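What follows is each chain in one-letter form.
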Amino acid sequence: MANFIIYDVTFLVMFAIFVSVFLYSRKQNLKREGLLFLYKAGWGIKLIEKTGSKYKKTLGVLSYFSIITGYTLMVVMLYMLGKIVYLYITLPAVVREIKIPPITPLVPYLPQIFGLDFLPPFYFTYWIIIIAIVAISHEFAHGIFAAYDGVNVKSTGFGFFPFFLPIFLAAFVELDEKSMAHKKIKSQLAILSAGTFANVLTAILFFGVLWIFFSSAFSPSGVIFDTYPYSTIAVAGITSVNGISVENPTGDEIQAMLNDEGLNKIKAGNDFVTTKKFFEGQKENAQVIIYYDSPAINAELESIILKINGEKVISVSSLENEISKYSPREKITLTLIGDDENIYDKDIILGEHPEDENKAWLGVGFTQQRTSGIMGKVYLALSSFKNPSVYYEPKFDGMSIFIYNLLWWLVLISISVALVNMLPVGIFDGGRFFYLTILALTKSEQKAKNSFALATYAILFLIFVLMFFWAVSFF
């Protein structure tokens, strides 16, 4: 993967040089609009007009779906924004762990820079491919629905921020605004929401591709465990610490008896272990979470299990079935993948199950991974066809992972662009969409303008609140 990063950075530099030379040689086509420089051309206009005029019945039906999608996304995005603000205000410790600012453009290498290990790496190669698919489909959808309603498409092209390298591009389709303003509100709503509708369709399409590709390019080859079995016990119920008897102890007394390094043995009906640091955060509680004294935790087993005595395990049930073939105190050989991705063998002696002394026990645990927060739920949704406890081996070495991550990011960014673009803020399609909705309801341009301004300022205020509480969480 290190070699690919070198290739990726080289591609980034070459692309920046190419775009710079291209823009300089055609600088007469550049025009400054606000913060952006726009390169205007006529790419795809004939295709847009042909599609808009040829499939009128289909587009007429789809226009209603487009509008419904626009309203749905706006409601969902406003709910998500409110939920995020609530979390940032009430859970500063969680916000501090996130590290990344809440309002951050998705640029190449962002997950790597901020150490967002729950996200796949994001390379420039991914970025430029995804921008081409997401932005072009978004803007062409605007143009196609505009052509369907008889609105002239004046130009197409791409834009970029002048204070960055000319690699952070965005596509655009320039419509005849005067002609559009004279169309019925329903037609304008369909045109405005067409881009987000296209993004939703793109996400659905490539999610299907992702699912099919994953099924053909990966195979279940092991089991991933992410915790050890634990229980909640009463501090007063602890009877010994590291072999020293205690009676009705307090949390502070237990804390003082624990060794600074390694695992400490605790007796409380069953045998348990804990570290001093882990216990310290709970010592004021009447009950504490503590790990069972299992073979896995004593061996510091933190790996992916591929085989047991040469027999493959490809699911939690197959792991349990394989362990059931042995008795307590029998030695087995585990084939593992370590954190450095090397495969190795490790001998381990099975213990007694805490609920059945005649049953062999390894002592590994499985939880639903990455379910906390909105990003966790998004991650799970996009990986719903994968069992989080199963290790999947790529069939085509790095190519399987490269394409899978590309498709995964494509789906995520398509959804994200669709949602953000429907915020009722002036710079997004959702701003004009909201304005026209209020206009249709009130029949008053002044009320529509006031509502539009209020919505924009309210959203900007919430964004300020997000940034403020993100900043103060570090103090």
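Anything mentioned here points back to the structure above.
Position numbers for residues count from 1 along each chain, tracking the sequence in the order it is written. For this predicted model, a pLDDT threshold of at least 70 governs which residues receive local features, and a threshold of 80 or more governs which side-chain atom pairs are given and counted, while totals over whole chains, interfaces and linings are taken from all residues. Neither water nor hydrogens contribute to the side-chain values; these are computed over all heavy atoms in the structure.

> With reference to specific residues and values, describe the overall build of the protein chain.
Numbered from the N terminus, helices here are DSSP runs of H or I no shorter than four residues, and strands are runs of E no shorter than two. Across its full length, the protein chain holds 16 helices and 18 strands. Each of the three principal axes of the protein chain carries a C-alpha extent, and together these read 85 × 50 × 45 Å. The rule is simple: take the accessible area with a 1.4 Å probe, protein chains only, and divide by the maximum for that residue type; under 20% is buried, over 50% is exposed, in between is partly exposed. Looking at the protein chain residue by residue over its 475 residues, the buried ones come to 43%. Note on contacts: a residue pair qualifies if any of its non-hydrogen atoms lie within 4.5 Å across the two residues. When contacts within the protein chain are restricted to residue pairs at least 6 apart in sequence, those whose partners lie at least 24 apart make up 68%. In this description, accessible areas are obtained by the Shrake-Rupley approach with a 1.4 Å probe, and a residue is regarded as covered only by the protein chains that are shown. Carbon and sulfur atoms provide 62% of the accessible area of the protein chain, an area that totals close to 25,600 Å².

> For the pattern of salt bridges, give the residues involved together with the corresponding values.
Side-chain pairing between opposite charges can occur once the charged atoms of the two side chains come close. For this analysis, a salt bridge means a side-chain nitrogen from Lys or Arg found within 4 Å of a carboxyl oxygen belonging to Asp or Glu. This model, assessed by the stated rule, comprises eight salt bridges. A salt bridge links D260 to K276; the nearest nitrogen and oxygen atoms lie 2.9 Å apart. Of this pair, D260 sits in the loop between α9 (251-257) and β9 (264-268) while K276 sits in helix α10 (residues 276-280); the two residues are 16 residues apart in sequence, bridging distant segments of the chain. On the basis of relative accessibility, which here comes to 59%, the residue D260 falls in the exposed class. Its salt-bridge partner being E322, residue K325 comes within 3.2 Å of it at the nearest N-O pair. Assessed through its relative accessible area of 56%, K325 is described here as exposed. For E322, a relative accessible area of 7% gives the class buried. Salt bridges linked by common partners bring K40, K154 and E174 together as one network.

> Go over helix α8 (residues 185-217) with me, naming the residues and quoting the values.
Its 33 residues place the ends of α8 47 Å apart at the C-alpha level, agreeing with the 48 Å of an ideal helix rising 1.5 Å per residue. Of all the bends found along α8, the most pronounced is centred on A194 and spans about 45°. Working rule for helices: expected span equals 1.5 Å times residues minus one. Bend angle per residue: angle between axes fitted to the 7 residues ending at that residue and the 7 residues starting there.

> Go over helix α6 (residues 124-148), please, and point to the residues and values.
The end-to-end C-alpha distance of α6, which contains 25 residues, comes to 35 Å, matching closely the 36 Å that a straight helix rising 1.5 Å per residue would cover. For α6, the tally of buried residues reaches 18 of 25 residues, placing the bulk of the element in the interior.

> Go over a negative patch on the surface, please, and point to the residues and values.
There is a patch of like negative charges on the surface, built from E300, E302, D339, D340 and E341. Mapped onto the elements of the fold, E341 is located in the loop between β14 (331-337) and β15 (343-349). For patch detection, residues must exceed 30% relative accessible area and be free of salt bridges, and they are connected within 9 Å for like charges or within 5 Å for nonpolar side chains (Val, Leu, Ile, Met, Phe, Trp, Tyr). Under the convention used here, Asp and Glu are negative, Lys and Arg are positive, and both His and the chain ends fall outside the count. By convention, the point assigned to a charge is CZ for Arg, NZ for Lys, CD for Glu and CG for Asp.

> So what's going on with the packing of α8 against helix α15 (residues 429-442)? Which residues, and what values?
Working convention: axes come from line fits to C-alpha atoms, limited for helices to the stretch in contact. Angles between N-to-C directions cover 0 to 180 degrees. Where α8 contacts α15, the two axes come as close as 9 Å, and the packing angle between them is 160°. The angle between α8 and α15 places the two elements in the roughly antiparallel class. Seen from above, α8 lies across α15 with left-handed handedness. The residues of α15 that touch α8, namely those facing I185, Q188, L189, L192 and S193, are D429, R432, F433, L436, T437, L439 and A440. Side-chain classes are defined by residue name, with Ala, Val, Leu, Ile, Met, Phe, Trp, Tyr, Cys and Pro counting as nonpolar, Asp, Glu, Lys and Arg as charged, and the others, Gly among them, as polar. Residue composition of the contact of α8 with α15, grouped by class: seven nonpolar, three polar and two charged. The cut-offs work like this: below 35 degrees is roughly parallel, past 145 is roughly antiparallel, 65 to 115 is roughly perpendicular, and the gaps in between are oblique. Two helices cross in a left-handed way if the nearer one is turned anticlockwise from the farther one by less than a right angle. They cross in a right-handed way if the turn is clockwise.

> So what's going on with a nonpolar patch on the surface? Residues and values would help.
A cluster of nonpolar residues, F461, F464, F468, V472, F474 and F475, forms a patch on the protein surface that exposes about 710 Å² of accessible area. Looking at the secondary structure, you find F468 in helix α16 (residues 445-472). Judged by its relative accessible area of 42%, F468 falls in the partly exposed class.

> Outline the environment of V425, supporting the account with residue identities and numerical values.
Relative to the helices and strands, V425 resides in the loop between α14 (397-421) and α15. Linking V425 and L91, residues 334 residues apart in sequence, is a C-alpha distance of 27 Å. Not counting residues within four places of it along the chain, the set of residues in contact with V425 comprises G430, G431, F452, T456 and I459.

> How would you sum up the side chain of Q282? Please name residues and give values.
You can see Q282 is positioned in the loop between α10 and β11 (287-292). Setting aside residues no more than four positions away along its own chain, Q282 makes contact with V288 and I289.

> I'd love a proper account of the sheet that holds strand β7 (residues 240-241), names of residues and values included.
What makes two strands pair is DSSP finding at least two bridges between them. An order of β6-β11-β10-β9-β7-β8 is seen for the six strands of this open sheet, with the pairing classed as antiparallel. A single partner strand is all that each edge strand has here, and the edge strands are β6 (230-234) and β8 (244-245). The pairing of β9 with strand β10 (residues 270-274) spans five bridges and is antiparallel. Residue A268 lies in a different strand from β10, and its bridge partner there is N270.

> Outline the pairing of strand β17 (residues 356-361), listing residues and values.
Of the strand pairs in this sheet, strand β16 (residues 351-353) and β17 are connected by three bridges, and their pairing is antiparallel. Looking at the pairing, E352 lines up with A360 of β17. With antiparallel pairing between neighbouring strands as the criterion, β16 and β17 make up a hairpin whose turn holds two residues.

> Can you lay out unusual backbone geometry for me, pointing to particular residues and giving the numbers?
Positioned with a positive phi, N242 is a non-glycine residue whose angle comes to about 50°. Of note, N242 is situated in the loop between β7 and β8. Its relative accessible area of 29% is what places N242 among the partly exposed residues. For N309, which is not glycine, the phi torsion reads 50° and is therefore positive.

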